[in-house]
Amino acid sequence: LGNYYYNIANKQCLKAAGGAAGFPMTIGVLQLGVGVLYALYMWAAPDSRSVPSVTKDDLVKMLPVGFCAMGAHCFSVFALSAGAVSFGQIVKAAEPAFAAVVSTAVYGKSISTAKWLALIPVIGGVVLASVKELDFAWSALIAACTANLFAAFKANENKKLMETPGLKDRIGSVGNQFALTTILSFLFGLPLLLAREGHKWSEFVSLFRSNSVISTNLFTSGLYFYLYNELATLTIKKTNAVTQSVANTAKRVIVIVGVALVLGESLAPIKLLGCAIGIGGVLLYSLIDKIVYG
């Protein structure tokens, strides 16, 4: 449900701030900033969370993960500012296709034939959902695909990072790992914010102070984003692959349909069909090796 509430608060904040022509980069980076404040509070609060004992070399090795996390988040925010949340989420459901290509082409990993075939309904569902999308925008499609690309690199870099001897012990916990990633993501995002929307900073501050829709939803969306991602990371460590796949599928259905109903976005039959095929393909992709190879 955290993802569901994040998408609603995020869209309301973006819409009140002018949509794609407003301050998507500023909002995306400041959402990470809210996460940074929460992480620092958890370290400062008594009996809450121990501070990680990472070294300078550890932080340097974490930079690629932080950069990719920033890219995945900020491009997702831009995609959701440029088009319907439901459409952006349908495109983001195609993330396994990007992960498969990046893993094989860049990191030399092998993907089974069954998984490659399972990507057909994923891609087909996204295409079908796009055909009659009333809020279709090329910028939303490109931004969502770019976010998927960054997410694919982040997953591979994170896996490579955690193979560093002794790093897990120095980080201390999954919560600390996500906190450090968020801090690095925020720091990477700041210069991009200044380069893209820095000239409009005073205008944003004025809106933030005068419009409670922006200020309230910026804070809540940032908090929801941090908390649901941290919880998802913890859940992955404690559940099996089947449970994760089913949960991710249910999450996407709740977000796509629920947010569309709340925000009054289009849910044409062909879009719903494409959504069902695409999400079903993602579930199949997650489980196919277990089904075929046992």
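Rules of the game
Residues numbered from 1 in each chain as written. Predicted model: local features only at pLDDT ≥ 70, side-chain atom pairs only at ≥ 80, totals over all residues. Heavy atoms only, no water. Helix = DSSP H or I, 4+ residues; strand = E, 2+ residues; numbered from the N terminus. Expected span 1.5 Å × (residues − 1). Buried < 20%, exposed > 50% of the residue type's maximum accessible area, 1.4 Å probe, protein only. Phe/Tyr/Trp six-rings, centres within 6.5 Å; stacked < 30°, edge-to-face > 60°. Lys NZ or Arg CZ within 6 Å of the ring centre and 35° of its normal. 1 Å grid on protein atoms, 1.4 Å probe; cavity = no way out; pocket = protein on both sides within 12 Å on 5 of 7 lines; lining within 4 Å. Points joined across faces, edges and corners; volume = space filled by probe spheres on them. Nonpolar A, V, L, I, M, F, W, Y, C, P; charged D, E, K, R; others polar.

Since there are 3.6 residues in each turn of an α-helix, residues three or four apart along the chain are aligned in direction. Its 15 residues place the ends of helix H1 (residues 2–16) 21 Å apart at the C-alpha level, agreeing with the 21 Å of an ideal helix rising 1.5 Å per residue. Burial in H1 covers these residues: Asn3, Tyr4, Tyr6, Asn7, Ile8, Ala9, Asn10, Lys11, Cys13 and Leu14. Just past H1, the residue glycine 18 takes up positive phi, approximately 110°.

Before going further, it helps to examine the packing of aromatic side chains. On inspection of all chains with the given rule, the structure shows 14 aromatic pairs. On the basis of an interplanar angle of 35° and a centroid distance of 6.2 Å, the ring pair of phenylalanine 204 and phenylalanine 208 is categorised as tilted. Taken together, the positions of phenylalanine 204 and phenylalanine 208, both in helix H10 (residues 201–210) and four residues apart, correspond to about one turn of that helix. The exposure class assigned to phenylalanine 208 is partly exposed, which follows from its relative accessible area of 34%. Here phenylalanine 225 and tyrosine 228 contribute two aromatic rings whose centre-to-centre distance is 5.9 Å and whose plane-to-plane angle is 90°, an arrangement assigned as edge-to-face. Remark: tyrosine 228 and phenylalanine 225 occur in helix H11 (residues 212–238); sequence separation between them is three residues, near one turn of the helix. Of the two residues, phenylalanine 225 and tyrosine 228, neither departs from the other in class, the shared state being buried. Each residue in the set Phe23, Trp201, Phe204 and Phe208 is aromatic and connected to the rest through ring pairs, giving one cluster. A cation over a ring is seen here: lysine 115 above tyrosine 285, with NZ or CZ 4.6 Å from the ring centre.

Looking at the second largest pocket, its volume works out to about 220 Å³. Lining the second largest pocket are 14 residues, with Lys11, Lys15, Gly83, Leu263 and Glu265 sitting closest to its centre. Counting residues per element, the ones that place at least two in the lining of the second largest pocket are H1 and helix H3 (56–82). Top element by residues in the lining of the second largest pocket is H1. It accounts for four residues. Of the residues contributing to the lining of the second largest pocket, the split by class is four nonpolar, six polar and four charged.

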